[in-house]
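Chain by chain, the residues run as shown.
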Amino acid sequence: MQLRPATPSTPEGESLSLRLLAETPQAKPLTQLVLTTRQAAKLQDYAERNSGLILIVGMTGSGKTTTIYSLLSMIDGSKRS
C-alpha cells in the first residue's frame, strides 16, 4: 500500500492528511470513467493530436489521476515525433 501525503495550510496552521493508494493502479478505458460518451470521445480526440494542452483539474478524490492514466494508456509514444 502506498501513501500520498498532503499538507494544506489552514487558518489554524498546517494540516496533514494521508491517502491510501492501490499498489498498481490499472488504467481504465475512458468509457468506464464517469464521463458521457461525448466527453470520452472529445478527450480521445484531444489525446490523439500532435500538439496542445489538456488541463485535468478538480477537487481531491475527483478522479484526476485516473483520468490521466486512462489518457496516457491510449497514447502510442512510438508514433509521436
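Going by the structure above, here's the rest.
This report concerns the structure included in the present document. Along each chain, numbering runs from 1 in the same order as the chain's sequence is written. With pLDDT at 70 or above as the cut-off, local features in this predicted model cover only qualifying residues; side-chain atom pairs require 80 or more to be listed or tallied, and sums for whole chains, interfaces and linings still use all residues. To obtain the side-chain values, all non-hydrogen atoms of the structure were used and water was disregarded.

### Quick notes on the overall build of the protein
And then number 1: Here a strand is any run of E in DSSP of at least two residues, a helix any run of H or I of at least four, and the numbering for each starts at the N terminus. When helices and strands are tallied, the protein shows two helices and four strands.
And then number 2: Helices (α) and strands (β) of the protein occur, in sequence order from the N terminus, as β-β-β-β-α-α.
And then number 3: Radius of gyration here uses only the C-alpha atoms, and the compact-globule reference equals 2.2 Å multiplied by the residue count raised to the power 0.38. The C-alpha radius of gyration of the protein comes to 16 Å, more than 25% above the 12 Å expected for a compact globule of 81 residues.
And then number 4: Taking the principal axes of its C-alpha atoms as reference, the protein extends roughly 50 × 30 × 30 Å.
And then number 5: For the protein, the residues scored as buried account for 10% of the 81 residues in total.
And then number 6: Across the protein, the fraction of contacts at a sequence separation of at least 24, relative to all contacts at a separation of at least 6, is 38%.
And then number 7: Using the Shrake-Rupley algorithm and a 1.4 Å probe, accessible areas are obtained, with residue cover drawn only from the displayed protein chains. When the accessible surface of the protein is split by element, carbon and sulfur atoms take 55% of a total near 6900 Å².
And then number 8: Here the protein contributes 9 positively and 6 negatively charged side chains, and the mean placements of these two sets differ by 9 Å. Residue exposure (1.4 Å probe, protein chains only): buried if accessible area is under 20% of the type maximum, exposed if over 50%, otherwise partly exposed. Working rule for contacts: check all heavy atoms of both residues, and any pair within 4.5 Å makes them a contact. The sign given to each residue is positive for Lys and Arg and negative for Asp and Glu; His and the chain ends receive no count. Where a charge lies is defined by one atom per residue type, namely NZ (Lys), CZ (Arg), CG (Asp) and CD (Glu).

### As for the environment of Tyr69
And then number 1: Relative to the elements of secondary structure, Tyr69 occurs in helix H2 (residues 64–74).
And then number 2: Using a relative accessible area of 39% as the deciding quantity, one classes Tyr69 as partly exposed.
And then number 3: Along the sequence, Tyr69 and Ala27 sit 42 residues apart, while their C-alpha atoms lie 5.3 Å from each other.

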